[in-house]
Amino acid sequence: MTEGSPAAGPEAVPVCPRHPDRVSYVTCQRCGRPACPECQRPAAVGFQCVDCVRELSGSARATRTVYGGRARPGSRPAVTIGIIAVCALVYALQWIIPGSAVYADFAYANSATLTAAEPWRMLTSAFLHSQGFVLHIVLNMYMLWLFGQALEPLLGRARFLAVYLLSAIGGSVGFLLLAPGQPVAVIGASGAIFGLFGGLFVVQRQRGGDVRQLVVLIAINAVLGFVVPGIAWQAHLGGLVTGALATAVIAYAPGGRARLAVQAGGLVAVAVLLALATVVKVSSVPALGGISL
């Protein structure tokens, strides 16, 4: 008889394999071994032992959203909240740091020289907002919250973040390509927000939903870009097109094992298109020297 095992015969007493000094008449519904109260875990029917629960949790496949992202039922939109927090922090720094140094270091302007020298501004400018107009950040963050809650659970966190960041860059690319005249500085998350507009439009169309209200909302915001001074409609258009294209890559990718590769490759292709458009525009404009923001 092996040391620590229950005695054989009609008087054998069931003991917990993990705690041989504890008698247990409750057995695991999966493996049939005795399990003491400390090793019991509630199951759909009866109990399972901790070993079986650990084995099942390690082998269980993560639940996926309709577009392949990891489903997190009941969880908060962490990426959306994170972006809002970063924008709020940067806005606070704009007030705390004297001389608008944050604005000068991270804002973007449609200058070929500035774009070639500091291309990261095409992204960082999306996290800055006007100090003299508080509604600028309030309205942008409100729209981000509304559309983030709708899109992030559908796309998954990583895919949603990719769409948002590409849309932010796409807004800057649109401003670089379409804004005429002398270089003008541009800041704000509006281009990325319009990217979410385009993303939700694609998702609604792909899923057979009604897009009429969304089209009206996009149209109203687009018109405001032409009639209200200081709004860069070029950035809105660039973000809208980029967000729709990036989301289409995700939404229309084939299912199965190839889906992730197709989605990743498509998003990289969108990024390459933005980079090529920027390089072509910058190369076609003679160098004019530096620019101060």
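Residue numbers here run from 1 along each chain, matching the order of that chain's written sequence. Under the rules for a predicted model, residues below a pLDDT of 70 receive no local features and side-chain atom pairs below 80 are neither given nor counted, while totals for whole chains, interfaces and linings still include all residues. Each side-chain value is derived from all of the structure's non-hydrogen atoms; neither hydrogens nor water enter the calculation.

## Quick word on the packing of aromatic side chains
Right, so step 1: When the centres of two rings from Phe, Tyr and Trp lie within 6.5 Å, Trp using its six-membered ring, the rings pair. Their planes under 30 degrees apart give stacked, over 60 give edge-to-face, and anything left gives tilted. Scanning the model with the defined rule gives four aromatic pairs in all.
Right, so step 2: Summarising the aromatic geometry, the rings of Y91 and W95 are spaced 6.5 Å apart at their centres and angled 75 degrees between planes, so their arrangement reads as edge-to-face. With Y91 and W95 both in helix α2 (residues 78–96), this residue pair falls four residues apart, about one helical turn.
Right, so step 3: Burial status follows relative accessibility: with a 1.4 Å probe on protein chains alone, a residue under 20% of its type maximum counts as buried, one over 50% as exposed, and anything between as partly exposed. A relative accessible area of 51% places W95 in the exposed class.
Right, so step 4: Between the aromatic rings of F194 and F197, the centroid separation amounts to 5.0 Å while the plane-to-plane angle is 55 degrees, which identifies the pairing as tilted. With a gap of three residues between them, F194 and F197 both fall in helix α8 (residues 190–206), about one helical turn apart. For the pair F194 and F197, one class covers both residues: buried.
Right, so step 5: Feature note: the residues F147, F194 and F197 constitute an aromatic cluster, connected by ring pairs. Counting from the N terminus, the helices are the DSSP runs of H or I reaching at least four residues and the strands are the DSSP runs of E reaching at least two.

## A few points about the pattern of salt bridges
Right, so step 1: By definition, a salt bridge exists where a carboxyl oxygen of Asp or Glu is found within 4 Å of a side-chain nitrogen of Lys or Arg. The full count for this structure, using the stated rule, is five salt bridges.
Right, so step 2: With its nearest N and O atoms 2.7 Å apart, the salt bridge here joins R22 to E38. Taken together, the residues R22 in the segment before β1 (40–42) and E38 in the segment before β1 connect sequence positions 16 residues apart.
Right, so step 3: A relative accessible area of 48% places E38 in the partly exposed class.

## A closer look at the confidence of the model for the chain
Right, so step 1: Each residue carries a pLDDT score, the predictor's confidence in it, ranging from 0 to 100. Here the chain shows a mean pLDDT of 86. Residues at 70 or above account for 90%.
Right, so step 2: In this analysis, two residues are considered to be in contact whenever any of their non-hydrogen atoms come within 4.5 Å of each other. Counted against residues more than four places away or in other chains, residues 1–10, with its pLDDT under 50, gives seven contacts.

## Examining α8
Right, so step 1: A helix is expected to reach a length of 1.5 Å times the quantity of its residues less one. Here α8 is 17 residues long and its end C-alpha atoms lie 24 Å apart, about the 24 Å a rise of 1.5 Å per residue gives.
Right, so step 2: Across the 17 residues of α8, 13 count as buried, placing the element largely inside the fold.
Right, so step 3: Two residues or fewer after α8 comes G208, characterised by a positive phi angle close to 80 degrees.

## Description of the state of the cysteines
In protein chemistry, a disulfide is the covalent bond that joins the sulfur atoms of two cysteines.
Right, so step 1: Two cysteine sulfur atoms make up a disulfide if the distance between them is within 2.5 Å. Enumeration over the complete set of coordinates arrives at zero disulfides.
Right, so step 2: Summary of cysteine pairing: C39 is not part of a disulfide, and the nearest cysteine sulfur, belonging to C36, is at 3.7 Å.
Right, so step 3: Accessibility expressed as a relative area gives 3% for C39, which makes it buried.

## So, the nonpolar core
Right, so step 1: Residues belong to one nonpolar core when they are buried, are Ala, Val, Leu, Ile, Met, Phe, Trp, Tyr or Cys, and are joined through side-chain atoms within 4.5 Å. I83, L155 and Y164 are the most contacted members of the largest nonpolar core, which has 53 residues in total.
Right, so step 2: Only α2, α6 (134–155), α7 (157–178), α8, α9 (212–227), α10 (233–251) and α11 (259–284) provide two or more residues apiece to this core.
Right, so step 3: Non-local contacts of Y164, meaning those with residues more than four positions away in its chain, are made with I83, L144, A189, A192, I193 and L196.
Right, so step 4: Membership of the second largest hydrophobic core comes to eight residues, among which are C16, C39, C49 and C52.

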